[in-house]
Amino acid sequence: MKFELPQLGYEYSALEPFLDEKTMEIHHSKHHQTYVNNLNAALEKHPELAEMTIEKLLQSLDTLLEDIRMAVKNHGGGHFNHSFFWTMMQSPQQGGGGEPQGMIAEAIKNSFGDFTTFKDSFSKASLSVFGSGWAWVINENGKLEIITTSNQECPISKNQKPILVLDVWEHAYYLNYQNRRADYISAWWSVVDWNAVEKNL
Ligand code: MN3
């Protein structure tokens, strides 16, 4: 299977002023595209893996041959993580931001006490990622947990079930926020699409 860059469900400018158009364009069309290209190039030498989905590849890391394992972990992880990340954002005009409602609100309340406590914990975790990585919410049999991963490590490689993710690589915010990761995290809450997050429960 030749992996392809997924289209966004919104314009590059849709998440302004929280995530700026230029950052979104470079992040999606350059950074994400490069992960897709590198993954496809690495898989060309492994026709036996051609039919595997990205999820299956990442879940099979331990059984992959050594010469392809790191490529799948880094480029495959980069492809999956970004694809997932794009789906859980939306412009405030189209329902992004605000507080979660319904099932997802219940799950957050049951796992963290209340939304503010959850938001603070997730923001702190995102801020604490050293170097490049991601902050996630995973669903452990109905209980939500906050975790972080380094580089392009993906929770599904450990059989964890992610429902929410935030990219805290510098390329995700440096153009607009420079070194101010905390400001980027704070702005990002205004574009979280809680309906999309709820579908991952
Ligand atoms: Mn990124």
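Note: the structure precedes this text.
Residues numbered from 1 in each chain as written. Predicted model: local features only at pLDDT ≥ 70, side-chain atom pairs only at ≥ 80, totals over all residues. Heavy atoms only, no water.

Of the regular secondary structure elements, the protein holds eight helices and three strands. Ordering the α and β elements of the protein from the N terminus gives α-α-α-α-α-β-β-β-α-α-α. Here the C-alpha radius of gyration of the protein, 17 Å, is about what a compact globule of 201 residues would show, namely 17 Å. C-alpha atoms of the protein, sized along the principal axes, occupy 50 × 40 × 30 Å. The burial tally for the protein puts 49% of its 201 residues in the buried class. The contacts in the protein between residues at least 6 apart in sequence include a share of 69% that link residues at least 24 apart. Accessible area for the protein stands at about 10,100 Å²; split by element, carbon and sulfur atoms hold 48% of it. (Helix = DSSP H or I, 4+ residues; strand = E, 2+ residues; numbered from the N terminus. Rg over C-alpha atoms; globule rule 2.2 N^0.38 Å. Buried < 20%, exposed > 50% of the residue type's maximum accessible area, 1.4 Å probe, protein only. Contact = heavy atoms within 4.5 Å. Areas by Shrake-Rupley, 256 points an atom, 1.4 Å probe, with all protein chains shown as cover.)

A few words on the environment of Asp167. Counting through the fold element by element, Asp167 comes out in strand β3 (residues 162–167). Separated by 26 residues in sequence, Asp167 and Asn141 have C-alpha atoms that sit 24 Å apart. Dropping the residues within four chain positions of it, Asp167 is found in contact with His27, His82, Phe85, Gly133, Trp134, Ala172 and Tyr184. A distance of 2.8 Å separates the side chain of Asp167 from the side chain of His27, its partner in a polar contact. Separated by 3.1 Å, the side chains of Asp167 and His82 make a polar contact. (Polar contact = N/O pair within 3.5 Å; in protein donor to acceptor, adjacent residues only side chain to side chain.)

Let us look at the nonpolar core. Of all hydrophobic cores here, the largest spans 63 residues; its most connected members are Met89, Phe118, Leu164, Tyr184, Trp188 and Trp194. Considering every element that reaches this core, the biggest residue donor is helix α3 (residues 66–87), with seven residues. Per-domain counts for this core show at least three residues from each of domain 1 (21–86) and domain 2 (92–200). In contact with Trp188, other than residues within four places in its own chain, are Leu19, Phe85, Met89, Phe122, Leu164, Val165 and Leu166. (Core = buried A, V, L, I, M, F, W, Y, C linked by side-chain atoms within 4.5 Å. Domains from an automatic or database assignment.)

So, about the environment of Ser128. Checked against the element boundaries, Ser128 lands in helix α5 (residues 115–128). Sequence-wise, Ser128 and Asp114 are 14 residues apart; in three dimensions their C-alpha atoms are separated by 21 Å. Of note is the side chain of Ser128, whose polar atom sits 2.8 Å from the backbone oxygen of Ala125.

To continue, consider the environment of Asp67. Looking at where Asp67 falls in the secondary structure, it is placed in helix α3. Note on Asp67: relative accessible area 58%, which makes it exposed. It is 9.0 Å that separates the C-alpha atoms of Asp67 and Ala42, two residues lying 25 residues apart in sequence. At a separation of 3.1 Å, a polar atom in the side chain of Asp67 contacts the side chain of His46.

Purely spatial values, then, with no claim about function.
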